[in-house]
Amino acid sequence: MDIRAAYSAWATTYDTDRNLTRDLDAVVTHELLASLRSGTILEIGCGTGKNTAFLAQDGAHVLALDFSEGMLAQARTKLPAALAANVTFTVADLTRRWPCADGSVDLVVCNLVLEHIADLASVFGEAARCLRAGGTFFVCELHPFRQYGGSKAAFQRGDTRTEIPAFVHHLSAFLDAAAGAGLMLTRLREWWHPEDRQTPPRVVSFLFAK
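Every value quoted in this text rests on a predicted model; they were computed, and no experiment measured them.

## What about the pairing of strand β7 (residues 160–163)?
As judged from the 4 bridges shared by strand β6 (residues 154–157) and β7, these two strands associate in the antiparallel manner. Residue Phe155 lies in a different strand from β7, and its bridge partner there is Thr162. Between β6 and β7, which pair antiparallel in sequence order, lie 2 residues; one of them, Gly158, sits at a positive phi of approximately 65°.

## Brief notes about the layout of surface pockets
Approximately 790 Å³ is the volume found for the largest pocket. Lining the largest pocket are 37 residues; nearest its centre among them are Tyr7, Trp10, Glu115, His116 and Ala153. Elements represented by at least two residues in the lining of the largest pocket include exactly α1 (3–10), α2 (20–33) and β6. In the lining of the largest pocket, the residues fall into 16 nonpolar, 10 polar and 11 charged.

## Details of the pattern of salt bridges
One side chain can pair with another of opposite charge once the charged atoms of both are near each other. Within the structure shown, the criterion is met by 10 salt bridges. We note a salt bridge from Arg22 to Asp23, for which the minimum N-O separation is 2.9 Å. According to the relative accessible area criterion, Arg22 is buried, its value standing at 9%. Residue Asp23 is classed as partly exposed on the basis of its relative accessible area of 33%.

## Notes on the pairing of strand β2 (residues 61–66)
Of all 6 residues in β2, 5 are buried, a share of seventy percent or more. Where strand β1 (residues 40–44) meets β2, 5 bridges bridge the pair, whose relative direction is parallel. Its bridge partner lying in β2, Ile41 is registered against Val62. For the crossover that starts at β2, traverses helix α4 (residues 69–78) and ends in the parallel strand β3 (residues 87–91), the hand is right-handed.

## A look at the packing of aromatic side chains
If you walk through the whole model with that rule in mind, you get 6 aromatic pairs. With a centroid separation of 5.0 Å and 75° between ring planes, the pair formed by Phe124 and Phe137 is classed as edge-to-face. Here Phe137 lies in strand β5 (residues 131–142) and Phe124 lies in helix α5 (residues 120–130), a separation of 13 residues in the sequence. According to the relative accessible area criterion, Phe124 is buried, its value standing at 0%. Phe137 sits in the buried class, given a relative accessible area of 0%. On the basis of an interplanar angle of 35° and a centroid distance of 6.3 Å, the ring pair of Phe137 and Phe208 is categorised as tilted. Remark: Phe208 occurs in strand β9 (residues 203–209) and Phe137 occurs in strand β5; sequence separation between them is 71 residues.

## Description of the sheet that holds β3
In space, the 7 strands of this open sheet follow the order β3-β2-β1-β4-β5-β9-β8, with mixed pairing throughout. Taken across any chain shown, the strands that pair with only one partner, and hence form the sheet edges, are β3 and β8 (184–191). For this sheet, the mean inter-axis angle between neighbouring strands, taken without regard to orientation, is 15°. Against the sheet, α5 makes contact with β1, β4 (105–111), β5 and β9, and its axis sits at roughly 145° relative to β5, the strand it touches most.

## Focus on a nonpolar patch on the surface
On the surface, Phe145, Tyr148 and Val168 cluster together into a nonpolar patch covering about 290 Å² of accessible area. For Val168, the position within the fold is in the loop between β7 and α7 (171–180). On the basis of relative accessibility, which here comes to 43%, the residue Val168 falls in the partly exposed class.

## Here's the deal with the environment of Ile117
In this fold, Ile117 is placed in the loop between β4 and α5. Spatially, the C-alpha atom of Ile117 lies 6.7 Å from that of Phe167, the residues being 50 residues apart in sequence. Excluding its chain neighbours within four sequence positions, the residues that come into contact with Ile117 are Leu94, Thr95, Val123, Phe167 and His169.

## Here we look at α2
With 14 residues, α2 should reach 20 Å at 1.5 Å per residue; the first-to-last C-alpha distance of 20 Å fits that figure. Taken residue by residue, α2 has Leu20, Thr21, Arg22, Leu24, Asp25, Val28, Thr29, Leu32 and Leu33 as its buried positions. On its buried side, α2 packs onto α3 (52–56), β4, β5, β8 and β9. Two or three places before Thr21, at the opening of α2, Asn19 has a side-chain oxygen 3.2 Å from that residue's backbone nitrogen.

Rules used in this analysis
Residues numbered from 1 in each chain as written. Predicted model: local features only at pLDDT ≥ 70, side-chain atom pairs only at ≥ 80, totals over all residues. Heavy atoms only, no water. Pairing = 2+ DSSP bridges. Helix = DSSP H or I, 4+ residues; strand = E, 2+ residues; numbered from the N terminus. 1 Å grid on protein atoms, 1.4 Å probe; cavity = no way out; pocket = protein on both sides within 12 Å on 5 of 7 lines; lining within 4 Å. Points joined across faces, edges and corners; volume = space filled by probe spheres on them. Nonpolar A, V, L, I, M, F, W, Y, C, P; charged D, E, K, R; others polar. Salt bridge = Lys/Arg side-chain N within 4 Å of Asp/Glu carboxyl O. Buried < 20%, exposed > 50% of the residue type's maximum accessible area, 1.4 Å probe, protein only. Right-handed = clockwise from strand over helix to strand, strands pointing away. Phe/Tyr/Trp six-rings, centres within 6.5 Å; stacked < 30°, edge-to-face > 60°. Axes fitted to C-alpha atoms, helices over the stretch in contact; angles between N-to-C directions. Contact = heavy atoms within 4.5 Å. Patch = residues over 30% accessible without salt bridge, like charges linked within 9 Å, V, L, I, M, F, W, Y side chains within 5 Å. Areas by Shrake-Rupley, 256 points an atom, 1.4 Å probe, with all protein chains shown as cover. Expected span 1.5 Å × (residues − 1). Polar contact = N/O pair within 3.5 Å; in protein donor to acceptor, adjacent residues only side chain to side chain.

Dropping the structure here:
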């Protein structure tokens with residue numbers, strides 16, 4: 001099953017399936033972006049909107065992109081009515097030019113997306129293009145240490161387990177892609193879920209500045 005079809009199939013249970021990586025991602029996002037949610041935000045790979053409502057608080061406008069119609073359908077239904085005017089959901093293929101004007105956003109947010117994209121340089125290039133001077137690119141991804149052990153996004157339907165195609169990106173690959181796009185690393189952190197403190201880190205987060 002290809003990536004788009006897999007996420008559309010997963011959409012109805014994505015938020016309720018046991019998923020420690022998804023849960024930790026939310027904690028990381030809230031901790032690191034609580035002070036950065038202002039102005040205009042571009043959320044790439046928004047999925048079911050698991051972080052969209054948080055990003056849209058305090059009057060920020062969020063352009064939320066995803067290539068799965070199934071995921072976007074879930075995101076639209078779960079967004080609180082009070083925040084609906086702050087969010088625009090749009091179908092987009094992140095491997096192509098994003099539907100966003102040059103230098104038009106203050107913050108680009110990317111959660112658990114890049115393992116499914118082969119070419120990091122194109123994503124970082126688009127993030128740099130869309131960001132205003134002084135803007136921030138936030139990335140939170142499954143840690144490559146987990147990928148080395150075979151971990152990847154997957155879901156269960158009855159007796160059938162569907163693993164979603166993924167690409168392994170080493171930590172240096174993120175840094176090289178950022179440097180190539182003219183973005184500067186301001187913070188890198190590794191994170192563990194409380195249930196797996198004695199294992200390799202579950203996710204890694206980056207903050208890059210334009």
